[in-house]
Amino acid sequence: MKNFDAFFQNIYAQPITDRKHWYAEATEAYEQYRAPYVSKIIDLICQQLEPNELILEIGSGPGNATQHFIQRNFKLICLEPNPKACEFLARRFQNYPDLEVVNTTFEEWQPTPKKFNAILASTSFHWLQPETRCQAIARLLNPQGKIILLWNTVPQPDSEIFQYLLPFYEKHMPSFASFENITVQEQNLNNISQGLLASDCFENLELTQVIEQKDYTPTDYLKLLTTLSPYIALEATVREQLFQELREVFQSQNIEVIPTEYICAAHIAQVKSPA
């Protein structure tokens with residue numbers, strides 16, 4: 001995504017109250033239409049953890065990643081700033097006593113003296129303060145503890161369909177009118193790897209990724225877009241006009257299925273031992 005870092009820095013400059021409610025209207029659509037995390041990556045992460053490990057999850061949203069770890073009998077403390085998502089989480093996992101949901105940002109959270117062997121951020125690391133996030137996470141880890149960044153990149157329609165959509169992105173979202181193919185997504189993940197290592201907080205970094213496909217109907221694809229920050233950031237009338245024009249393209253081109261491709265990936269690194 002073009003200007004991705006600058007885009008989220010602008011969001012982070014907003015009052016914290018606004019940021020806490022950023023995904024409020026998209027909570028249920030987020031759970032239903034975001035691309036799923038894949039078992040191969042989840043299993044890889046779980047192999048790095050002790051059975052019944054206590055995990056601190058930063059930015060759990062409606063629990064799209066949380067569910068996988070709860071179902072594998074891990075204990076979780078979930079930090080989530082969006083009150084609506086917290087309510088959704090509490091209902092969704094009401095039968096799991098080993099889940100604690102805390103309605104807070106990571107920066108505002110007041111941790112207990114206890115440290116963690118594993119801290120997880122699932123497609124949420126970019127929401128943390130870039131200047132301090134690595135240091136803050138490292139301080140909460142036990143010696144040899146692990147930071148785990150789980151990612152799903154944004155599902156991209158195939159290039160032929162994207163060419164039909166491009167004029168409308170150039171009209172309404174010129175800063176994001178670019179096709180994020182797998183090569184671009186891989187480079188974005190590599191940039192995160194470089195940032196983790198440059199922080200001097202972590203070592204023994206491993207990045208594992210798999211390429212996945214997911215088909216959407218046009219209606220479901222537009223529902224997916226309502227969960228993505230660049231679309232949430234649009235003024236409401238502009239967003240609705242864009243979506244209407246996209247609907248008309250799908251209809252005029254007789255597009256009934258939108259094939260998409262995305263990367264599911266995990267960065268796993270160990271907190272660096274004191275010199």
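Described in the following lines is the structure provided in the data block. (Residues numbered from 1 in each chain as written. Predicted model: local features only at pLDDT ≥ 70, side-chain atom pairs only at ≥ 80, totals over all residues. Heavy atoms only, no water.)

### Points about the overall build of the protein
So the rule is basically this: Numbering of helices and strands runs from the N terminus, with a helix taken as a DSSP run of H or I at least four residues long and a strand as a DSSP run of E at least two residues long. Our radius of gyration looks at C-alpha atoms and nothing else; its globule reference is 2.2 Å times the residue count to the power 0.38. Here the term buried applies to any residue with accessible area under 20% of the maximum for its type, exposed to any over 50%, and partly exposed to those in between, with areas from a 1.4 Å probe on protein chains only.
When helices and strands are tallied, the protein shows 12 helices and 8 strands. Compactness check: the protein gives a C-alpha radius of gyration of 19 Å against a globular reference of 19 Å for 275 residues, within 12% of the reference. If one aligns the C-alpha atoms of the protein with their principal axes, the spans along those axes are about 60 × 35 × 35 Å. Scored against the burial criterion, the 275 residues of the protein give a buried share of 49%.

### So, the pairing of strand β1 (residues 54-58)
The criterion, for reference: When DSSP finds at least two bridges between two strands, those strands are taken to pair. With its strands directed away from the observer, a crossover is right-handed exactly when the path from the first strand over the helix to the second travels clockwise.
Burial analysis of β1 places 4 of its 5 residues in the buried class, the great majority of the element. In this structure, β1 lies alongside strand β2 (residues 75-79), joined through 5 bridges in parallel fashion. When the bridges of β2 are listed, Ile55 appears paired with Leu76. In terms of handedness, the path from β1 via helix α5 (residues 66-71) over to β2 forms a crossover that is right-handed. As defined by bridge partners, β1 adjoins strand β4 (residues 116-122) across 4 bridges and the pair is classed as parallel. Residue pairing for β4: Glu57 is matched across the bridge by Leu120.

### Describing the nonpolar core
For clarity, the cut-off: Nonpolar core, defined: a set of buried Ala, Val, Leu, Ile, Met, Phe, Trp, Tyr and Cys residues in which side-chain atoms within 4.5 Å join the residues together.
Core analysis: the largest hydrophobic core is formed by 51 residues, its most contacted members being Ile45, Phe69, Leu150, Tyr169, Leu225 and Phe250. Ranked by size, the runner-up nonpolar core spans 30 residues in total, among them Phe106, Ala121, Phe125 and Leu189.

### Considerations on the environment of Ser175
Along the polypeptide, Ser175 turns up in the loop between α8 (159-172) and α9 (182-198). Taking relative accessible area as the criterion, Ser175 reaches 35% and is therefore assigned partly exposed. As for Ser175 and Pro230, which are separated by 55 residues in sequence, their C-alpha atoms are 9.7 Å apart.

### A look at the packing of helix α10 (residues 218-225) against helix α12 (residues 236-252)
Test applied: Note on method: axes are straight lines fitted to C-alpha atoms, helices fitted across the in-contact stretch only, with angles between N-to-C directions ranging 0 to 180 degrees. Any angle from 65 to 115 degrees is called roughly perpendicular, while one under 35 is roughly parallel, one over 145 is roughly antiparallel, and all others are oblique. By convention the crossing between two helices is left-handed if the near helix lies anticlockwise of the far one by an angle smaller than a right angle, and right-handed if it lies clockwise. Contact between two residues is taken to exist if any of their heavy atoms lie within 4.5 Å; hydrogens are not considered. By the convention adopted, Pro, Cys, Tyr, Trp, Phe, Met, Ile, Leu, Val and Ala count as nonpolar, Lys, Arg, Asp and Glu as charged, and the other residues, Gly among them, as polar.
The contact between α10 and α12 brings their axes to 11 Å, and the two run at 155°. Considering the angle they form, α10 stands roughly antiparallel to α12. For α10 against α12, the interelement crossing comes out right-handed. For the pair α10 and α12, the contacting residues are Pro218, Tyr221, Leu222 and Leu225 in the first and Phe243, Leu246, Arg247 and Phe250 in the second. Across the contact of α10 with α12, the residue classes break down as 7 nonpolar, no polar and 1 charged.

### Thoughts on the environment of Thr260
Let me state the cut-off plainly: Counting of polar contacts relies on pairs of N or O atoms within 3.5 Å, with two restrictions inside protein: one atom must be capable of donating a hydrogen and the other of accepting it, and residues adjacent in sequence are counted only when both atoms are side-chain atoms.
As for its placement among the helices and strands, Thr260 is situated in strand β8 (residues 258-271). Residues within four places of Thr260 in sequence aside, it is in contact with Pro155, Gln156, Pro157, Glu212, Gln213, Lys214, Asp215, Tyr216 and Tyr221. Looking at Thr260, its side chain comes within polar contact range of the main-chain oxygen of Lys214, at 2.6 Å.

### Some details on the packing of aromatic side chains
Short version of the rule: Stacked, edge-to-face and tilted are the three classes for Phe, Tyr and Trp ring pairs, Trp counted by its six-membered ring, which pair at centre distances within 6.5 Å; planes under 30 degrees apart are stacked, over 60 edge-to-face, the rest tilted. Here, a charge over a ring is recorded when the distance from Lys NZ or Arg CZ to the ring centre is within 6 Å and its angle to the ring normal is within 35 degrees.
The final tally for this structure, using the stated rule, is 8 aromatic pairs. Aromatic side chains Trp109 and Phe116 sit 6.4 Å apart centroid to centroid with 45° between the ring planes, which places their arrangement in the tilted category. Take Trp109 and Phe116: they sit in the same class, and that class is buried. Their ring planes at 80° and their centres at 6.3 Å tell us that Tyr221 and Phe250 sit as a pair that is edge-to-face. You can see Tyr221 sitting in helix α10 and its partner Phe250 sitting in helix α12, a full 29 residues away along the chain. Just as Tyr221 is buried, Phe250 falls in that class too. Through successive ring pairs, a cluster of aromatic residues spans Phe162, Tyr169, Tyr231 and Phe243. Its guanidinium or amino end placed over the ring of Tyr216, Lys214 lies 5.0 Å from that ring's centre, counting from NZ or CZ.

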